[in-house]
Every structure is written in structure tokens, then in C-alpha cells.
Amino acid sequence: MTISEKIPEQIKKEIAQLVKDLNYHCYRYYVLDAPVISDTEYDREYRRLKELEEKSNYILPDSPTLRVGAPPLEKFEKVKHTEPMLSLDNAFSHDEVREFDKRIKRLLDSDREIEYTVEPKYDGLAIELSYRNGLLYKSSTRGDGYVGEDVTWNIRTIKSVPLKIEGQGKAPEEIDIRGEVFIDIDEFENLNKQREEKGEPLFANPRNAAAGSIRQLDPAVTMLRKLHLACYGIGAVKGLRLKSQAELVNWLAEARFPTPAMMKTVQGIDAVIAVVREIEDTRGDFTFEIDGAVIKVNDFVLQQKLGVKTREPRWAIAYKFEAHQGTTKIREIHGSVGRTGVITPFAVFEPVKIGGVMVSRSTLHNWDEIKRKDIKIGDTVVVERAGDVIPHVVMVVKEERTGREKSFSIPEKCPACGSTVMREEGEVAVRCVSLHCPAQIQEKIIHFASRGGMDIEGLGEKNVELLYSRGLIQRFEDIYRLEKENLLELPRFAEKSAHNLIDAIEKSKHTTLAKFLFAIGILHVGEYAAKLLAKNFRTLEALYHISPEEIIHIKQAGEKIASSVAAFFNDKKNLQTLNSMIELGLDIKNPDFAAGTDAHLPLKGLSFVITGTLPKPRKEVEGLIEKHGGRPSSALSAKTNFLIAGEEPGSKLLKAKSLGVRTISYTELLKLIEERSGHPRLF
Ligand code: IVH
């Protein structure tokens, strides 16, 4: 007596009904995208089935519970296809599609219009599903067309794959069904986002993602990927007679297989081309990627007559859209300097044709991107050029590495002018801060002369371009070397306009430090920061060779300003330019310098060093000192006026004594402010 014989008929019946129902609902949901019950109801039925199966140990071969739970494999077994899985010949233009039609008519020795089917060409992975007496028993990848890999357990996790052939009539004895596994573009993007977060290598495109998901040794991983299937063909078959491609697709749909999102049957090549156009025009409306349209002779008798070449049938052709991607090798990596000084890396490739256009270079966006994608010189890379988007490197094909690839590090010198470059902490951008950088000079001079800057009327974009292209202005100081005669030789200048410009330049020589600091275009120094610097530094020269620490003590100046100002005033060539301008008559006054205006403040001219723990946070105390005109400092010297000592003072206390610096408490500081101001503290 077998186990199943002991199972009450009632239970068997219920199990059979549940399997039937659940498979039907799965079909409604995953194939038709039109569910008729809620997810909760589905889950309830599924749990009931699982419970009955466990209790009775009676599991039908098409039970939905058999989609999941297979253990990971060590490797994929090889599967020989009963009928080879052919590939398709390509047509890259409508003319080539017409050629295909002519060829067919010639081979068939007929003038009559041929009936064709046209369907989208899915950009996924071809697979074969083998059914015996209606039950799915094996599925395999295409492989080389003759031998593929056994991916049965992975394919079973795809919910739209029928485990059993349903529908009217008896299922064929044997049938191999062919189709494409693919993934939606949205899902591909989600997947890559997750992989990026986990630091895993990205998939180059949806096809890669679908193929990678099917060629997974652990079916549990495949199950999490939302894979789809579209069935468009058959291989070996016993017990089924079909007349045409259109009839086949109808049969597949009735048997509950997912079929192509569209398929049209038309007479003659003009109608074919109209459908091809329609598919091409609506390419972006599909939720998945298609890379062309497949045109097939509809009638199976004609297909038979036409036969196959070595690897492709004569009765079908793939019209390929322009590709978005190509593979090539990186020959070199360089930096290019933009008009704002940002240095952007770019790759030089072995030229590759993508979408009909030769691509030989592409931006690499920034230095972090090179690191993140692990791009090296000599690497084979996937390059994308979609629509109007500039070409970019999608990923490195790591399998192609030979070990001879070379890493590329951030340049230390500006590729346009050789000056030292700067990278701010936490920033991805690398910049050239030189005033002489030819890549930036025009932009900088336009800013220099603008109304908010030196306000040189007549030195706008057009004239700067003209003067630069004639070699009359190559550096800032050249502005002050211009003479009327030089201008008169230029096409755009007459006596009056030349005179006016020279006059405007002359006038601009008399300026203020705040205006000049803004005009010279130091990174992060806008009008406000320029004024702040002017308030704190009496002269331009006071900023020469400055350190970021000397700036950061200015209350409103952040680290960014401090480091970029310091980088600017530590560049020798920049200082040379400033000096040349002064020699040429630049006259900078500084009415903003605070010495005169805040002389009344109680702590003016006094310096303070803090040691130990004070009743208020140190920053707050420093702010208080500054607000009242004093200067907080961390360096204790004989010049320090006061040491403010809190609890548990450090070695500074002893040092102050030996230097003869007066030590006071926090309360004494407050008193000092009150005494010297003659009015209560300003808070
Ligand atoms: S029919 C003998 N129809 O394209 C004809 N193939 O480049 C077999 N493909 O290996 C294929 N969508 O993976 C056919 N609607 C479609 C298709 C399609 C995508 C793939 C298939 C095939 C490859 C050939």
C-alpha cells in the first residue's frame, strides 16, 4: 500500500482544488496582470495548502509550494537541446528589412505578398521550458544553441512560468517552449541601488541583471528578483499541430503562458515596416528594454520550405534598433579644467560605434566615481550613449582584466597650467586655484570687471573674448597694460569706445579691499566674505602667506573660506600678479577695516588665552571676547595680555607665570568687560 492510498479522498480533493485555484490566481496576477482575489486571500489559501500537504505528505507536481525551497547548487548541469536554439540574422535599416523580404520571395519563387508576424525583440536571456505530459520537468538556458545549463529550479521561482500546461484539450505529450526571461527597467534600477548600497558590483543593463539572476546557484536569490517571461516559440514537440506563428502564440496564451506584449500579423513588407516603426516609436513605453523587432514568416509550411542556415533560420530576421551601449578599452585617463577651475576626469577610449556614432572619449564625472567603479587605464568598459545624454562609462568588465591595468590617481597639478590643485575636505571636486589658469582666465576676468567687482564698463564677455583671443589680455595685470592704440587695432573699437574703456580701466584702479577681494574671484569669497576679510585685515599684503588658522579665528569665516583664501594667498604666481597690478597703479583703500570703528569696544587690542574648564563652553567664551573687540588665541606668548584659567588648568598656568602674563578667572573676565565698557555686558 502506498502512502497516497491512505490519504482520505476528501483531503486529496481539497488539495487538488487548492492547487488549481492558486495556479489560476497566479496566472491572473502574474500573466494577465488582473488579479481577482486579494493578496490576503491568496496567502490564506496558500497556507491552507501547505498545511494539508505537510500533514498528508501528498504534494501534486504542479503545486505552487514546489516553486520555492530548492537548496543551492554546486554547479549547473549541462542540458542538450532536442532541437538547437537558433539565433537570428540582423537587419540594421528598413532597407535591409526589404532585402530580407526580397530574399524570401526569391527563395520561394513567388511574387505574392508574404504574411509576416512582427513582435518586439526582448533584450533578455533566451531559455527553454520542457514539458512532458503537461508538466514542467526541465528548463535550460540557450548556451551555445546546442547545449545549455539546467536552471530548472531558478525558472520555477518565476511566478508567470506555468508548472502545468492548462487550457482546453489535452496537453501535448512533449513540448519545448522558448522565450525570453527579462526584468523591468524599474526593477533593474532598484536592484542596482541596493547593490550600490551594499558595495556590490552593479549590473550594466537589465539584460545583464536578468542573466545574472538566472545564472544564480541559489534559487532563493533568484526568487527575490522580479523576473518576467515572454514566450514566442517552440522547439521539439509531440502531440500538437500548429499552422503558424500567430496560431502558436494564441495557443501559448490559451495554455496560460506569458506571450509578447504585442504581436501583429500583416501582409507584405510595407505593413511590416509600419509595425517596426510603431514599435520603435513606442520603445520608451515598454516597462522593459527591447532592442529591436523580430519579423517572422507566419506560415509554418513556408518556414519549413525556407529552412535554416547554419545558426539562423531563413524565415526570420531581427531588426535592431540603434544600440545604447558598447564595449571598448580605456587607453588613457586625463583631467580637464572647467571654467570654474573644477578638474574633471575623462577617459579616452579605443573608438567604438554606439548608436551610429563613433565614441572615443567620455567624462568620468569625478574622482570618487573612478574609485567607486574601480576604473583603471587599460580596462574594458561598457560605455552608454542614450539619447542626448553624453556618453558615460557604466561599468568595468572585470573578467577582461589582465593584471596590466594601471590605477589613476587625482592629479596634484592642474593639467591646464601646472599649478597646485586643491581639494576641500568632504568635497568630491578638485580645483585649480590659480589666477593664471588659461582654462579659467576669461571667465575670471569677466567676473573681475563686472559691476559687483571692479566695475569696468565696456569689459564684458564679448570684449574679454576678443582681447583674449588677440593675446592682449592673458593675465589679470594685462588689463592695466592696455593702451588706446591696442584697442584701435581691433574690429570692435573706434576712437570713442577705446577712449571710454581705457578711462573705465583707469578709474577702476581706485578701489576698496572688499571690492578687490570679491573681484579677484577666490573660491567661496563672495561679497559678504570679502567684506569680512576687509574688516579684519588692514591691507591686501596682510593676507600674503596667511595660514587657514589665522583666518578661522574671524568669527563668521568658516573652514571652507579659510582654506581657500589661504590656498590663494600661498600661490606664488598669484602674489606676483597682485604685485604687478599694484605696480601698474592699482590703489586699494580699506575703509572697512574695523580698527577705527570698533576702537570703543572694551577688550580692543587685548589678547586672551584660555586654559582649564570654564563655567561656559569655550567657544561661547571666545565669542564673548570677540564681541567685545578682544582676540582669543590658543598660543600663549609674552605678548598675550590675559590667561583665563578655569578648573583643572593645564601647563599654560605655569607658563603664564613665567612669562609674566596676568591670569584671571572667568568672573574676572566679565568684570573686566563691565569696568572697561562702563555699561553692562552686551549679550
Ligand atoms: S525568435 C529562431 N522572438 O533574440 C528564432 N527571439 O538574436 C528564435 N529574442 O536568441 C528566436 N525576443 O533570445 C525570437 N520575439 C522574439 C524575441 C527573440 C528576443 C532573442 C532570443 C534569440 C535572440 C536572437
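(A) The sheet that holds strand E11 (residues 316–320), seen in detail. Ordered by their spatial adjacency, five strands build an open sheet running E2-E11-E10-E3-E9, and the pairing between neighbours is mixed. At either end of the open sheet lies a strand with only one pairing partner, and these are strand E2 (90–91) and strand E9 (264–267). As paired strands, strand E10 (residues 290–297) and E11 are joined by five bridges and run antiparallel to one another. Across the sheet, Val294 pairs through a bridge with Ala318, a residue of E11.

(B) Just unusual backbone geometry, in detail. The phi torsion at Asp33 lies on the positive side, around 55°, for a residue other than glycine. If you trace the backbone, Asp33 turns up in the loop between helix H2 (9–30) and helix H3 (39–56). Residue Asp33 is classed as exposed on the basis of its relative accessible area of 65%. Not every positive phi belongs to a glycine, and His545 is a case in point at roughly 55°. Among the structural elements, His545 can be located in the loop between helix H18 (527–536) and helix H19 (548–552).

(C) Here's a closer look at the state of the cysteines. A full pass over the atoms with the stated rule returns zero disulfides. In this model Cys26 remains outside any disulfide bridge; the closest cysteine sulfur is found in Cys231, 14 Å from its own. Its sulfur unpaired, Cys437 is 3.7 Å from the next cysteine sulfur, which belongs to Cys414. Judged by its relative accessible area of 1%, Cys437 falls in the buried class.

(D) Looking closely at the site of the ligand. Around the ligand there are 13 residues in total, and Glu119, Tyr122, Glu180, Tyr232 and Lys296 lie nearest to it. Side-chain polar atom of Glu119 to a nitrogen atom of the ligand: 2.9 Å apart, as the coordinates give it. Contacts to the ligand include Tyr122, whose backbone N or O atom sits 3.0 Å from a nitrogen atom. Where the shell around the ligand is concerned, the elements lending two or more residues are strand E3 (115–122) and E10. Classifying every residue of the shell around the ligand gives eight nonpolar, no polar and five charged.

(E) Geometry of the environment of Thr640. Looking at the secondary structure, you find Thr640 in the loop between strand E22 (631–633) and strand E23 (642–645). For Thr640, a relative accessible area of 8% translates into the label buried. Separated by 556 residues in the primary sequence, Thr640 and Pro84 place their C-alpha atoms 91 Å from one another. With sequence-adjacent residues up to four places away left out, Thr640 is seen in contact with Ser607, Phe608, Val609, Ala635 and Val661.

(F) Quick peek at the sheet that holds E22. As summarised here, the arrangement of the four strands in space is E22-E21-E23-E24, forming an open sheet in which the pairing is parallel. Strands at the two margins of the open sheet, each flanked by one partner only, are E22 and strand E24 (662–664). The average undirected angle you get between the axes of adjacent strands in this sheet is 35°. Bridging between E23 and E24 involves three bridges; their strand directions are parallel.

(G) Representation of the pattern of salt bridges in the model. By the definition in use, this model includes 38 salt bridges. With a closest N to O distance of 3.5 Å, Glu51 and Arg48 form a salt bridge. Here Glu51 and its partner Arg48 are both found in helix H3, three residues apart, which amounts to about one turn of the helix. Taking the relative accessible area as the measure of exposure, Glu51 reaches 38% and is therefore partly exposed. Taking the relative accessible area as the measure of exposure, Arg48 reaches 31% and is therefore partly exposed. The network of salt bridges with common partners includes Glu14, Arg48, Glu51 and Lys55.

(H) Spatial organisation of the pairing of E10. Taken across its eight residues, E10 has eight buried, putting it largely inside the fold. Pairing analysis gives seven bridges linking E3 to E10, with the strands arranged antiparallel. Looking at the pairing, Pro120 lines up with Ala293 of E10.

So, how was this worked out
Residues numbered from 1 in each chain as written. Predicted model: local features only at pLDDT ≥ 70, side-chain atom pairs only at ≥ 80, totals over all residues. Heavy atoms only, no water. Pairing = 2+ DSSP bridges. Helix = DSSP H or I, 4+ residues; strand = E, 2+ residues; numbered from the N terminus. Buried < 20%, exposed > 50% of the residue type's maximum accessible area, 1.4 Å probe, protein only. Disulfide = S-S within 2.5 Å. Near = heavy atom within 4 Å. Polar contact = N/O pair within 3.5 Å; in protein donor to acceptor, adjacent residues only side chain to side chain. Nonpolar A, V, L, I, M, F, W, Y, C, P; charged D, E, K, R; others polar. Contact = heavy atoms within 4.5 Å. Axes fitted to C-alpha atoms, helices over the stretch in contact; angles between N-to-C directions. Salt bridge = Lys/Arg side-chain N within 4 Å of Asp/Glu carboxyl O.

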